[in-house]
Amino acid sequence: QVQLVESGGGLVQPGGSLRLSCAASGRIFSIYDMGWYRQAPGKQRELVAAITSGGSTNYADSVKGRFTISRDNAKNTVSLQMNSLKPEDTAIYYCNAQVRPIGTSTGNYWGQGTQVTVSS
């Protein structure tokens with residue numbers, strides 16, 4: 001099947017930077033939209049940033065100008081560069097992708113999540 005594996009989370013001071021990466025693997029025919037979501041304690045999961053297969057991007061207002069999403073279609077990866085981090089960015093970050101596996105229909109896939117903590 002298809003797996004999404006994230007890496008790059010951790011603890012950072014306010015104003016610092018982190019880069020999250022996500023790699024899709026398995027019997028993949030095609031990957032469409034990819035994105036990053038986050039869920040803070042006691043809150044609903046929210047979209048942080050998304051990118052189409054053609055490279056069009058969409059960001060939550062709260063991260064515009066600070067976060068940058070990118071993808072490498074040849075490697076089936078998506079990354080999130082996070083700069084000027086704030087304590088309110090603290091959350092579990094999840095990779096998401098619309099994937100069409102070989103021989104079956106397109107599905108919505110999630111990574112296991114990676115913790116990002118912004119604190120002094």
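Presented here is a report on the structure given in the accompanying data block. Just so you know, these numbers come straight off a predicted model, no measurement behind them. (Residues numbered from 1 in each chain as written. Predicted model: local features only at pLDDT ≥ 70, side-chain atom pairs only at ≥ 80, totals over all residues. Heavy atoms only, no water.)

Structural notes on the side chain of Asn-96
Examined against the element boundaries, Asn-96 turns out to sit in strand E9 (residues 91-101). At 3.4 Å, the side chain of Asn-96 and the side chain of Gln-98 are in polar contact. A polar contact of 3.2 Å, which involves the side chain of Asn-96, links it to the backbone oxygen of Tyr-109. Discounting chain neighbours no more than four positions away, the residues touching Asn-96 are Leu-4, Asp-33, Met-34, Gly-35, Tyr-37, Asn-108, Tyr-109 and Trp-110. (Helix = DSSP H or I, 4+ residues; strand = E, 2+ residues; numbered from the N terminus. Polar contact = N/O pair within 3.5 Å; in protein donor to acceptor, adjacent residues only side chain to side chain. Contact = heavy atoms within 4.5 Å.)

Side note on the environment of Cys-95
Tracing the sequence through the fold places Cys-95 in strand E9. Residue Cys-95 is classed as buried on the basis of its relative accessible area of 0%. Apart from the residues within four sequence positions on either side, Cys-95 is in contact with Leu-4, Glu-6, Cys-22, Gly-35, Trp-36, Val-78, Tyr-109, Trp-110 and Gly-111. (Buried < 20%, exposed > 50% of the residue type's maximum accessible area, 1.4 Å probe, protein only.)

Focus on the nonpolar core
In terms of nonpolar packing, the biggest core is built from 32 residues, with Trp-36, Leu-80, Met-82 and Tyr-93 touching the most fellow members. When residues of this core are traced back to their parent elements, those giving at least two are strand E1 (2-7), strand E3 (18-26), strand E4 (28-39), strand E5 (46-51), strand E7 (67-72), strand E8 (77-82), E9 and strand E11 (114-118). Here this core takes five residues from E9, the largest share from any one element. Excluding residues that lie within four positions of it along the chain, Met-82 makes contacts with Gly-16, Ser-17, Leu-18, Leu-20, Arg-66, Phe-67, Tyr-93 and Val-116. (Core = buried A, V, L, I, M, F, W, Y, C linked by side-chain atoms within 4.5 Å.)

Observations concerning the sheet that holds E3
In spatial order, the strands read E1-E3-E8-E7; together these four strands make up an open sheet with antiparallel pairing. The open sheet has two edge strands, E1 and E7, and neither has a second partner. On average, each strand axis in the sheet is tilted by 15° relative to the strand beside it, whichever way the strands run. Bridge count between E1 and E3: six bridges; the pairing is antiparallel. Paired with Val-2 across the two strands is Gly-26, which belongs to E3. (Pairing = 2+ DSSP bridges. Axes fitted to C-alpha atoms, helices over the stretch in contact; angles between N-to-C directions.)

A look at the pattern of salt bridges
Taken as a whole and judged by the stated rule, the model has four salt bridges. In this structure, Glu-46 and Arg-38 form a salt bridge, with 2.7 Å as the shortest nitrogen-oxygen distance. Taking relative accessible area as the criterion, Glu-46 reaches 35% and is therefore assigned partly exposed. Lys-64 is paired through a salt bridge with Asp-61; the nearest N and O atoms lie 3.1 Å apart. Of the residues examined, Asp-61 reaches a relative accessible area of 64% and is grouped as exposed. When salt bridges that share partners are traced, they join Arg-38, Glu-46, Arg-66 and Asp-89 into one network. (Salt bridge = Lys/Arg side-chain N within 4 Å of Asp/Glu carboxyl O.)

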